[in-house]
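Tertiary structure, described
Chain by chain, the residues run as shown.
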Amino acid sequence: MSGRLIVFEGGEGAGKTTQIERSQAWLIQKIGNKCAVIATREPGGTDLGKQLRTLLLHGDSIVERAELLLFAADRAQHIDTVIRPALAAGSWVLCDRFTDSTWAYQGAGRGLDRELIAQLNAIATGGLTSDLTLWLDVPVEVGLSRRQGKGDRIEAADLAFHERVRGGFAELAVAEPERIVRIEANGSLDQVEQQIQEAIAAKGFW
Ligand code: T5A
């Protein structure tokens, strides 16, 4: 069986972490006898990435271009040391956020140049794209209300920023319907899990 890259995207509190755990357990049951199913995330899927994650989410003020470059650095390290080796070994990789987060947050949210973002994503990934991206869509207020504790530097942005981020994901889903599937994530955990399983099964990967 070929390796697959399945990405979970969405705004704050969309339920990605929870659903990746559920999908990993489901996929291990389904295909675990044929290949490994690993879960990873951006930022923070490598040792370097963990340090970048601390800077990005909990650092002091970071200018927007520096933020963009730090996310790209995290991704380049993640691609070369985790994602590509896993795919080459035939593993399935479930990734919490990937290039579409940069498009939505730094592009739609911050308003940075889309062409620059596309170029940086291409440099960071070496051209690797997801086999399937599940966009877990919840209204901004619902996602933010699910937060526990003090928000991080990016969560702390105003509502208008988070609305633009949601709009960015919506634009991508319209532009790339083969790769990106919208999941209605404002339902129960079981309802969301069911939609995700259906979307993965519909791709006919096995
Ligand atoms: N970022 C990232 C960029 O700006 N550019 C980039 O290129 C990249 C890669 C990452 C931050 O970095 C930004 C985006 C982010 O701001 P993060 O910690 O990964 O930071 O941020 P989130 O992904 O938003 O993490 P969260 O933990 O907030 O959200 P999740 O993982 O989507 O949600 P989850 O599963 O942890 O759930 C949150 C809470 O909601 C509950 C859960 O039990 C949990 O308590 N919940 C539900 N409750 C009711 N109904 C449901 N259906 C629920 N699903 C989950």
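Scroll up to find the structure this text is about.
Report on the accompanying structure. As the structure is a prediction and not an experimental result, all values here were calculated from the model.

Remarks on the overall build of the chain
From N to C terminus, the chain includes eight helices and five strands. Written out in order from the N terminus, the α and β elements of the chain read β-α-β-α-α-β-α-α-β-α-α-β-α. The globule rule puts the C-alpha radius of gyration for 206 residues at 17 Å, and the 16 Å found for the chain is close to it. Each principal axis of the C-alpha distribution contributes one length, and for the chain these read about 45 × 35 × 35 Å. Each of the 206 residues in the chain was classed as buried or not, and the buried ones make up 49%. Nonlocal contacts in the chain, meaning residues at least 24 apart in sequence, comprise 80% of its contacts between residues at least 6 apart. Carbon and sulfur atoms make up 51% of the accessible area of the chain, which amounts to about 9700 Å² in all.

Describing the packing of helix α2 (residues 47–58) against helix α3 (residues 64–88)
As a packed pair, α2 and α3 sit with axes 9 Å apart at the nearest point and diverge in direction by 160°. One way to sum up the angle between α2 and α3 is to call them roughly antiparallel. Viewed along their axes, α2 and α3 form a crossing whose handedness is left-handed. Note on element contacts: α3 touches α2 through Glu67, Leu70, Phe71, Ala73, Asp74 and Gln77, opposite Leu48, Gly49, Leu52 and Leu56. In the contact of α2 with α3, the residues fall into six nonpolar, two polar and two charged.

Conventions adopted
Residues numbered from 1 in each chain as written. Predicted model: local features only at pLDDT ≥ 70, side-chain atom pairs only at ≥ 80, totals over all residues. Heavy atoms only, no water. Helix = DSSP H or I, 4+ residues; strand = E, 2+ residues; numbered from the N terminus. Rg over C-alpha atoms; globule rule 2.2 N^0.38 Å. Buried < 20%, exposed > 50% of the residue type's maximum accessible area, 1.4 Å probe, protein only. Contact = heavy atoms within 4.5 Å. Areas by Shrake-Rupley, 256 points an atom, 1.4 Å probe, with all protein chains shown as cover. Axes fitted to C-alpha atoms, helices over the stretch in contact; angles between N-to-C directions. Parallel < 35°, antiparallel > 145°, perpendicular 65-115°, else oblique. Left-handed = near helix turned anticlockwise from the far one by under 90°. Nonpolar A, V, L, I, M, F, W, Y, C, P; charged D, E, K, R; others polar.

Fair warning: the whole summary comes from geometry, so function is off the table for now.
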